[in-house]
Amino acid sequence: MLQGFKDFIMRGNVIELAIAVVIGGAFTALVGAFSTFIINPVIASAGGVDAAGLGFEIRPGNAATFVDFGSLITAAITFLITAAVVYFVFVVPMNHAAARVRARAEVREPAAEPVPVDVALLTEMRDLLQRIDSRSGRL
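What counts as what
Residues numbered from 1 in each chain as written. Predicted model: local features only at pLDDT ≥ 70, side-chain atom pairs only at ≥ 80, totals over all residues. Heavy atoms only, no water. Helix = DSSP H or I, 4+ residues; strand = E, 2+ residues; numbered from the N terminus. Buried < 20%, exposed > 50% of the residue type's maximum accessible area, 1.4 Å probe, protein only. Polar contact = N/O pair within 3.5 Å; in protein donor to acceptor, adjacent residues only side chain to side chain. Contact = heavy atoms within 4.5 Å. Phe/Tyr/Trp six-rings, centres within 6.5 Å; stacked < 30°, edge-to-face > 60°. Salt bridge = Lys/Arg side-chain N within 4 Å of Asp/Glu carboxyl O. Patch = residues over 30% accessible without salt bridge, like charges linked within 9 Å, V, L, I, M, F, W, Y side chains within 5 Å. Areas by Shrake-Rupley, 256 points an atom, 1.4 Å probe, with all protein chains shown as cover. 1 Å grid on protein atoms, 1.4 Å probe; cavity = no way out; pocket = protein on both sides within 12 Å on 5 of 7 lines; lining within 4 Å. Points joined across faces, edges and corners; volume = space filled by probe spheres on them. Nonpolar A, V, L, I, M, F, W, Y, C, P; charged D, E, K, R; others polar.

(A) Spotlight on the side chain of Thr65. By the element assignment, Thr65 lies in the loop between strand E1 (55-57) and strand E2 (66-68). The exposure class of Thr65 is buried, given its relative accessible area of 17%. At 2.8 Å, the side chain of Thr65 and the backbone oxygen of Asn62 are in polar contact. Setting aside its immediate chain neighbours within four residues, Thr65 contacts Phe56, Glu57, Ile58 and Arg59.

(B) Highlighting the packing of aromatic side chains. Counting across every chain of the model gives two aromatic pairs. Taken together, a centroid distance of 5.8 Å and an interplanar angle of 45° make the contact between Phe56 and Phe69 tilted. Here the residue Phe56 occupies a position in strand E1, and Phe69 occupies one in helix H3 (residues 69-107), the gap between them amounting to 13 residues. Look at Phe56 and you get partly exposed, because its relative accessible area is 41%. Phe69 sits in the partly exposed class, given a relative accessible area of 37%. Ring geometry for Tyr87 against Phe88: centres 5.0 Å apart, planes inclined by 80°, an arrangement best described as edge-to-face. The exposure class assigned to Tyr87 is partly exposed, which follows from its relative accessible area of 41%.

(C) The pattern of salt bridges, seen in detail. Taken as a whole and judged by the stated rule, the model has one salt bridge. Here Arg126 makes a salt bridge to Asp127, at a shortest N to O gap of 3.1 Å. Judged by relative accessible area, Arg126 falls into the partly exposed class, the value being 46%. Owing to a relative accessible area of 32%, Asp127 belongs among the partly exposed residues under this scheme.

(D) Up close: a nonpolar patch on the surface. Together, Ile19, Ile23, Val86, Tyr87, Phe88, Val89, Phe90 and Val91 give the surface a local cluster of nonpolar side chains, amounting to about 690 Å² of exposed area. When contributions to the nonpolar patch are tallied by element, the ones reaching two or more residues are helix H2 (12-47) and H3. When residues in the nonpolar patch are grouped by element, the largest group, six residues, is from H3. Note on placement: Val86 falls in helix H3.

(E) View of the layout of surface pockets. Space inside the largest pocket adds up to approximately 310 Å³. Taken together, Glu16, Ile19, Ala20, Ile23, Gly24, Phe27, Val85, Val86, Val89, Phe90, Val91 and Met94 make up the lining of the largest pocket. For the lining of the largest pocket, the secondary-structure elements that each account for two or more residues are H2 and H3. Here the residues of the lining of the largest pocket are counted per class, giving 10 nonpolar, one polar and one charged.

This is the structure we're talking about:
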């Protein structure tokens, strides 16, 4: 039972998934900081001087009812940046590597099957008989 679990854990897919989660978490923090400190101020500047960002208050004077479109736009931009980086940094290189491996596997010629002994002997006998027959001119 433990050997099966060990085989499952040591399989490449699980380790690659763990690495992807760690890298994804670190990258999400980076993109979140970029969004918070670069994109949010740009979006907030479009909302006007009095507004907390790009949005509106459902009940004027009540900050708890503020509908913040800027945060939604920021989340969408964060998602697009994250998806693009994951695609171009991880998916595209892995697809190229897999294609090279497939191409290399297709190039290899299959090993020649060994000729059975009886077929080899019969082929030798036929060739000898043909040589003898060609010298004598007989059938």
